[in-house]
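Chain residues, written in single-letter form:
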Amino acid sequence: MSLKTISLLLCFSILFGCSPKAPPPKSSLTLKQLMEWVIDPHADVVWDSVKFISNTNGDTEIYPRTDEQWESVRNSSATLIEAGNMLMVVGRSKDDQQWIMYAHQLSQTAELALKASIDKNKDALFDAGGNIYNACKACHDKYADFDKPVAK
Ligand code: HEC
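Please read all numbers here as calculations on a predicted model, not as lab measurements.

What counts, and where the lines are drawn
Residues numbered from 1 in each chain as written. Predicted model: local features only at pLDDT ≥ 70, side-chain atom pairs only at ≥ 80, totals over all residues. Heavy atoms only, no water. Helix = DSSP H or I, 4+ residues; strand = E, 2+ residues; numbered from the N terminus. Expected span 1.5 Å × (residues − 1). Buried < 20%, exposed > 50% of the residue type's maximum accessible area, 1.4 Å probe, protein only. Arc of directions from axis to C-beta. Polar contact = N/O pair within 3.5 Å; in protein donor to acceptor, adjacent residues only side chain to side chain. Contact = heavy atoms within 4.5 Å. Donors = N, O, S within 2.8 Å, 3.2 Å for Na, K, Ca; no water. Tetrahedral: all angles 85-135°; square planar, octahedral: opposite > 155°, others 65-115°. Near = heavy atom within 4 Å. Nonpolar A, V, L, I, M, F, W, Y, C, P; charged D, E, K, R; others polar. Axes fitted to C-alpha atoms, helices over the stretch in contact; angles between N-to-C directions. Left-handed = near helix turned anticlockwise from the far one by under 90°. Phe/Tyr/Trp six-rings, centres within 6.5 Å; stacked < 30°, edge-to-face > 60°. Lys NZ or Arg CZ within 6 Å of the ring centre and 35° of its normal. Pairing = 2+ DSSP bridges.

A. Examining helix α5 (residues 122-143) more closely. Its 22 residues give α5 an end-to-end C-alpha distance of 32 Å, which sits within 8% of 32 Å, the value for a rise of 1.5 Å per residue. Those residues of α5 lying buried are L125, A128, G129, I132, A135, C136, C139 and H140. Projected onto a plane normal to the axis of α5, the buried residues spread over an arc of 125° and lie on a single side. Put simply, N121 is the residue that caps the front of α5, since its side-chain oxygen is 3.1 Å from the backbone nitrogen of D123.

This is the structure:
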């Protein structure tokens, strides 16, 4: 192969192979599917991880105890952080400013849960769960005519 051919091939691959324009992010999931299949199940992991149960047997405090349990909360918190970004994808966002703000609020509150799970701090995790709930509710109040994010 001559040098000329090689450099020609190189040019070709630089032109056509190496610099394709990145496609815009898109997804086949509807907003409702993203809510029901991604966001809601992961929020449930966080919410169910810390709670008090009072019954005739007395009070039981539920919270993550093993490394695996903390990691599961960590992973779901991380998913919720990214879910905030998924909500901002063009086509999902209902308008510009406010929707983005609510989506951002979900990420920010999930950051608190992530930190709590890494610190293994059950009180902070409980508070973060409340903040996440408020983030869900704030957006639903504005854009969805229901308020039952904890579909049980
Ligand atoms: C940025 C706005 C926004 C945020 C944040 C948000 N949601 Fe939603 N959610 C919506 C909208 C809008 C719908 C209605 C979608 C539809 O019906 O097409 C919805 C629908 C849902 C549904 C489907 C309910 C039904 O009966 O149809 C569930 C479940 C849900 N959200 C859970 C959550 C949870 C849990 C969180 C927080 C962890 C959350 N959402 C955060 C906007 C949001």
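What follows continues from the structure just given.
B. View of the environment of S77. Here S77 is to be found in helix α3 (residues 67-88). As a C-alpha pair, S77 and I132 span 55 residues in sequence and 9.9 Å in three-dimensional space. Among all residues touching S77, those that are not within four sequence positions of it are V46, A110, A113 and L114.

C. Quick look at the coordination of the iron atom of the ligand. Binding of the iron atom of the ligand to the protein goes through M35 (SD) and H140 (NE2), at separations of 2.0 to 2.3 Å. For the iron atom of the ligand, the six donor atoms in the first shell make angles of 85 to 179° at the metal, a pattern classed as octahedral. In this pair, M35 is assigned in helix α2 (residues 31-49) and H140 in helix α5, connecting sequence segments 105 residues apart. By relative accessible area, M35 is classed as partly exposed at 24%.

D. Molecular detail of the site of the ligand. Contacts to the ligand come from 23 residues, most closely from K32, M35, C136, C139 and H140. In the environment of the ligand, an oxygen atom lies 2.6 Å from a nitrogen or oxygen atom belonging to the side chain of K32. At 2.8 Å from a nitrogen atom of the ligand is found a side-chain nitrogen or oxygen belonging to H140. If you list the elements that add at least two residues to the shell around the ligand, you get α2, α4 (97-119) and α5. Counting residues per element, the shell around the ligand draws most heavily on α2, which supplies eight residues. Residues belonging to the shell around the ligand are distributed by class as follows: 18 nonpolar, one polar and four charged.

E. The packing of α2 against α3, seen in detail. It is at 9 Å that the axes of α2 and α3 come closest, and there the two elements cross at 145°. At the point where α2 passes α3, the crossing takes the left-handed sense. Between α2, through L31, L34, M35, V38, I39, H42, A43, V45, V46 and S49, and α3, the contact on the second element is made entirely by S72, V73, S76, S77, T79, L80, A83, M86 and L87. Of the residues belonging to the contact of α2 with α3, the class tally is 13 nonpolar, six polar and no charged.

F. Fine view of the packing of aromatic side chains. Tallying each qualifying case throughout the model produces four aromatic pairs. Aromatic pair W99 and Y143: ring centres 4.9 Å apart, planes at 75°, arrangement edge-to-face. Taken together, the residues span a long stretch of sequence, with W99 in helix α4 and Y143 in helix α5 at a distance of 44 residues. Directly above the ring of Y63 sits K122, whose terminal nitrogen or CZ lies 4.9 Å from the centroid. K142 extends its terminal NZ or CZ atom over the ring of Y143, reaching a point 5.1 Å from the ring centre.

G. Just the pairing of strand β1 (residues 51-55), in detail. Relative to strand β2 (residues 58-62), β1 runs antiparallel, the two sharing five bridges. For S54, the partnering residue across the bridge sits in β2 and is D59. Once β1 ends, the chain turns through two residues before running back antiparallel as β2.

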